[in-house]
Amino acid sequence: MTRGIGGSNASAQLADLAPWTDRAPAITVEERLARIEKARRLMGENGVDALLVGAGASLRYFAGVPWGASERLVAMLLPRSGKPILVCPRFELGTLEADLAIEADLRLWEEDESPSELVADALRELGVVRLAVDPAMAFLFVDRIRKVAPSADIVDASAIVDGCRMQKSEAELALMRQAKAMTLEVQRRAALILQPGITATEVRRFIDEAHRALGSSGSSFCIVQFGRSTAFPHGLPGESILGEGDVVLIDTGCTIEGYHSDITRTYVFGAANDEQRRIWSLEQEAQQAAFDAVRPGVPCEAVDAAARKVLERGGLGPDYRLPGLPHRTGHGIGLSIHEPAYLVRGDKTPLAPGMCFSNEPMIVVPDRFGIRLEDHFYVTEEGAAWFTNPSPSIDAPFG
Ligand code: ZN
Ligand code: ZN
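(A) Structural context of the coordination of the zinc ion (ligand 2). With distances of 2.1 to 2.4 Å, the protein atoms coordinating the zinc ion (ligand 2) are D262 (OD), H331 (NE2), E360 (OE) and E374 (OE). For the zinc ion (ligand 2), the 4 donor atoms in the first shell make angles of 80 to 159° at the metal, so the coordination geometry reads as irregular. The sequence motif formed by the donor residues of the zinc ion (ligand 2) is D-x68-H-x28-E-x13-E. The metal-metal distance between the zinc ion (ligand 2) and the zinc ion (ligand 1) is 3.1 Å, with D262 serving as a donor to both. Highlighted residues: H331 in strand β12 (residues 330–332) and E360 in the loop between β14 (356–359) and β15 (363–365), separated in sequence by 29 residues. With respect to class, H331 is no different from E360; both count as buried.

(B) Highlighting the coordination of the zinc ion (ligand 1). Around the zinc ion (ligand 1), the protein contributes the donor atoms D251 (OD), D251 (OD), D262 (OD) and E374 (OE), which lie 2.0 to 2.4 Å from the metal centre. Coordination at the zinc ion (ligand 1) is irregular: its 4 donor atoms span angles of 56 to 138° at the metal. As a motif over one chain, the donors of the zinc ion (ligand 1) read D-x10-D-x111-E.

(C) Local environment of the nonpolar core. In terms of nonpolar packing, the biggest core is built from 70 residues, with L51, F62, L194 and I207 touching the most fellow members. Broken down by element, this core gets its largest block of residues, 9 residues, from helix α8 (residues 170–192). Sequence-distant contacts of L194, that is, excluding residues within four places in its chain, are made with I5, G6, G7, V203, L242, V248, Y267 and F269. Counting 39 residues, the second largest nonpolar core, distinct from the first, contains V294, V365, W386 and I394.

(D) Here's a closer look at the sheet that holds strand β5 (residues 130–133). As summarised here, the arrangement of the 6 strands in space is β4-β3-β2-β1-β5-β6, forming an open sheet in which the pairing is mixed. Taken across any chain shown, the strands that pair with only one partner, and hence form the sheet edges, are β4 (105–109) and β6 (153–156). Averaged over all adjacent pairs, the angle separating strand axes in this sheet is 25°, with direction ignored. Pairing analysis gives 3 bridges linking strand β2 (residues 75–79) to strand β3 (residues 85–89), with the strands arranged antiparallel. Each residue of the ladder has a partner; that of M76, found in β3, is L86. Packing against the sheet, helix α5 (residues 115–126) makes contact with β1 (50–54), β2, β3, β4 and β5, and its axis sits at approximately 145° to β4.

Quick notes on the rules
- Residues numbered from 1 in each chain as written.
- Chains lettered and ligands numbered in written order.
- Predicted model: local features only at pLDDT ≥ 70, side-chain atom pairs only at ≥ 80, totals over all residues.
- Heavy atoms only, no water.
- Donors = N, O, S within 2.8 Å, 3.2 Å for Na, K, Ca; no water.
- Tetrahedral: all angles 85-135°; square planar, octahedral: opposite > 155°, others 65-115°.
- Helix = DSSP H or I, 4+ residues; strand = E, 2+ residues; numbered from the N terminus.
- Buried < 20%, exposed > 50% of the residue type's maximum accessible area, 1.4 Å probe, protein only.
- Core = buried A, V, L, I, M, F, W, Y, C linked by side-chain atoms within 4.5 Å.
- Contact = heavy atoms within 4.5 Å.
- Pairing = 2+ DSSP bridges.
- Axes fitted to C-alpha atoms, helices over the stretch in contact; angles between N-to-C directions.

Have a look at this one:
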């Protein structure tokens, strides 16, 4: 039997969990103001007069407001100088004041008024010619603003938003380190509760409760796959029941102050066969090769190429062909679970210190099983550094 798999149960593992003690501090106001200054510098370099950011990860990044986007416009208009302007429904004022981490000029709208008009008025007051808009903002909002402010030249703000968000500060790295350490602990305990007949739903419920017991708001997502469904990167619909000899793939995460974890572990419940061992070892080698390819200045796509080279040498692929790696090697991570840049052919973004990525060059053996080992790293001056140590072996996946 694989070490660290089975032998316990959910209630025993939950009873043993206490809130995380080594907690990373929240992002300070000073750091948010430095982000705003950086955005302003990038606006200057890109010939932009103002930046418009809608509710979502980027509004949280700059202003601390952790709201998701909805059909009601909530947005920050950041001019090159002067106070940021926040457009928000009036009935949300109390909540906004409680969440807002920076000083801003509030422009409030009633339910029967047009928030686009408020944005247009502000653009006129500020004399904005070129407005850069958060690429995550819904087309509907951008279209309405364009109609009431036809003279504004609206451009994509990716260079400004990504230019700020891609390289993480020490404080951001610390928050992600905490989130990822918590999720790895949850993964380790989830493996202990496995037994023949347990359902994927029971395991997902345990993982959510364990994430809560450690002090997060639960799983931000959770994929639990047994047997054949592991051959599909995001699983198959319907319930699965664990049986002896099944490959188990669990991919889950949580957030701390909005910063994401996202870790996958794959192992065999019972004795692994020769093919499962061979594929697991190739996966481990590909993950390590991707890690070893990281240096500041190297394009993102080179990391993906390094993982694929190992797989091709092992007779897999090439490219996206199966058996092999059907998707990119990894994604950027931060306040969004998937965010630029991406470890994929065609992404030539040069790696730079502070950038954070998943490293998950999954191997799919069609219709049989899949092996994904996913850990995350950040770029340093010297190369890459792991947030969580990779799985050491198929016989002792948690050491
Ligand atoms: Zn994942
Ligand atoms: Zn991922």
